[in-house]
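Here's the letter readout for the chains.
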Amino acid sequence: MTHENQGLRAKYQKTSWFYDLLDYPWERQYRKWRPEILKDVNGWVLEAGVGTGHNLRHYSQSVNLTAIDLSSGMLGQARKRVREAQCRVDLQEADATNLSRFADGIFDWTISTFMYCVMPDRLQPLALKEMSRVLKPGGRFRLIEILYSKKPALRARQKLLAPFVEFVYGARFDRKTLDHVRSIQSLKVTRTTYLKADAYLLIEGQRI
Ligand SMILES: C[S@@+](CC[C@H](N)C(=O)[O-])C[C@H]1O[C@@H](n2cnc3c(N)ncnc32)[C@H](O)[C@@H]1O
């Protein structure tokens, strides 16, 4: 595992026990988006960076979910939410930049909400290539990202929050995830949608 991911894992091991409390102000917003983003997801699904499992209850019965995270602490919190899920859930400790335990082309969907904003830019192409490899041809993906807004007032608030967000979550507003997705030849971006102002971006696409 890279030193960056060792650092991230250590961070999330510490924050896992109070993560939901810390994230509550944001989660009030996110919980409106999660069901919308997941309602038509079906088949064999890989969720990378499952965190404390806020997405689990929104997958439909038709889903067979494998959900991974770097941090066993976060997975421990997610485990408490498995009983809320309507689908079969398999939680595994794994690094999204190395999915060698999974064969090529086995998933219909991959989902990641707020993982790529945490992942250093250097590692993002690795994770995206792995995501592409494990997707079936035509398999689909959805990622939610956070971005610096171009609106001065919002951007100023984000700048104020940025040191806290990076210290606690390892997240940054200036990651280049959409560029990284577009740089992977086997992935096609089919739609991008701002979920709130120009600060939260849903990236949708498929494996060619
Ligand atoms: C900000 S939290 C988001 C959690 C969850 N997806 C949500 O929507 O609430 C980011 C999560 O991504 C995980 N993560 C970061 N890098 C990862 C990687 N390379 N592989 C797997 N999980 C990773 C962290 O451990 C953390 O649980």
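Here we summarise the structure given alongside this text. Treat the numbers as computed from the prediction; the structure is a model and nothing was measured.

What about the packing of aromatic side chains?
Inference 1: Counted by the stated rule, this structure contains eleven aromatic pairs.
Inference 2: Ring geometry for Trp17 against Phe18: centres 5.0 Å apart, planes inclined by 75 degrees, an arrangement best described as edge-to-face.
Inference 3: Under the relative-accessibility criterion, Trp17 is labelled exposed at 67%.
Inference 4: Ring centres of Tyr30 and Tyr200 lie 5.8 Å apart, and the angle between their planes is 70 degrees; on these two criteria the pair is classed as edge-to-face. Residue Tyr30 is located in helix 2 (residues 19–38), and its partner Tyr200 is located in strand 7 (residues 200–207); the two are separated by 170 residues in the primary sequence. Both residues of the pair, Tyr30 and Tyr200, count as buried.
Inference 5: Grouping aromatic residues by their ring pairs yields a cluster made of Tyr12, Tyr19, Trp26 and Tyr169.

Focus on the sheet that holds strand 4 (residues 107–113)
Two modes of strand pairing occur in sheets, parallel and antiparallel, and in both the strands are linked by backbone hydrogen bonds.
Inference 1: Spatially, seven strands are ordered 3-2-1-4-5-7-6 in an open sheet, and the strand pairing comes out mixed. Strand pairing shows two members of the sheet lacking a second neighbour, strand 3 (88–93) and strand 6 (187–196), which therefore form its edges. Each strand of the sheet is rotated relative to its neighbour by a mean of 15 degrees, with strand direction disregarded.
Inference 2: Relative to strand 3, strand 2 (residues 63–69) runs parallel, the two being bridged by six bridges. Its bridge partner being in strand 3, Thr66 is matched across the sheet by Asp90.
Inference 3: Across the sheet, helix 4 (residues 124–134) lies against strand 1 (43–48), strand 4, strand 5 (135–146), strand 6 and strand 7, angled at about 145 degrees from strand 5, the strand it touches most.

Let's talk about the site of the ligand
Inference 1: Taken together, 19 residues surround the ligand, and among them Arg34, Gly49, Asp69, Ala96 and Thr113 come closest.
Inference 2: One nitrogen or oxygen atom from the main chain of Gly49 is found 2.6 Å from a nitrogen atom belonging to the ligand.
Inference 3: Take Ala96: an N or O atom from its main chain is 2.8 Å from a nitrogen atom of the ligand.
Inference 4: Across the complex, the protein chains shield 98% of the 590 Å² of accessible surface that the ligand would expose by itself.

Details of the pattern of salt bridges
Inference 1: In the structure shown here, the tally under the stated rule is 13 salt bridges.
Inference 2: The salt bridge involving Arg122 is made with Glu4; its shortest N-O contact spans 2.8 Å. With Arg122 in the loop between strand 4 and helix 4 and Glu4 in helix 1 (residues 3–15), the pair connects residues that are 118 residues apart, well separated along the chain.
Inference 3: In this structure Arg122 comes out as exposed when scored by relative accessible area, which is 55%.
Inference 4: Judged by relative accessible area, Glu4 falls into the buried class, the value being 19%.
Inference 5: Salt-bridge contacts for Asp108 lead to Lys136; the nearest nitrogen and oxygen are separated by 2.9 Å. Of this pair, Asp108 sits in strand 4 while Lys136 sits in strand 5, placing them 28 residues apart in sequence.
Inference 6: Take Asp108: its relative accessible area is 22%, and that puts it in the partly exposed class.
Inference 7: Lys136 sits in the partly exposed class, given a relative accessible area of 29%.
Inference 8: In the salt-bridge network here, residues are joined through shared partners; they are Asp40, Arg142, Arg191 and Glu204.

Conventions adopted
- Residues numbered from 1 in each chain as written.
- Predicted model: local features only at pLDDT ≥ 70, side-chain atom pairs only at ≥ 80, totals over all residues.
- Heavy atoms only, no water.
- Phe/Tyr/Trp six-rings, centres within 6.5 Å; stacked < 30°, edge-to-face > 60°.
- Buried < 20%, exposed > 50% of the residue type's maximum accessible area, 1.4 Å probe, protein only.
- Helix = DSSP H or I, 4+ residues; strand = E, 2+ residues; numbered from the N terminus.
- Pairing = 2+ DSSP bridges.
- Axes fitted to C-alpha atoms, helices over the stretch in contact; angles between N-to-C directions.
- Contact = heavy atoms within 4.5 Å.
- Near = heavy atom within 4 Å.
- Polar contact = N/O pair within 3.5 Å; in protein donor to acceptor, adjacent residues only side chain to side chain.
- Areas by Shrake-Rupley, 256 points an atom, 1.4 Å probe, with all protein chains shown as cover.
- Salt bridge = Lys/Arg side-chain N within 4 Å of Asp/Glu carboxyl O.

The values reported here are purely geometric and, on their own, carry no functional implication.
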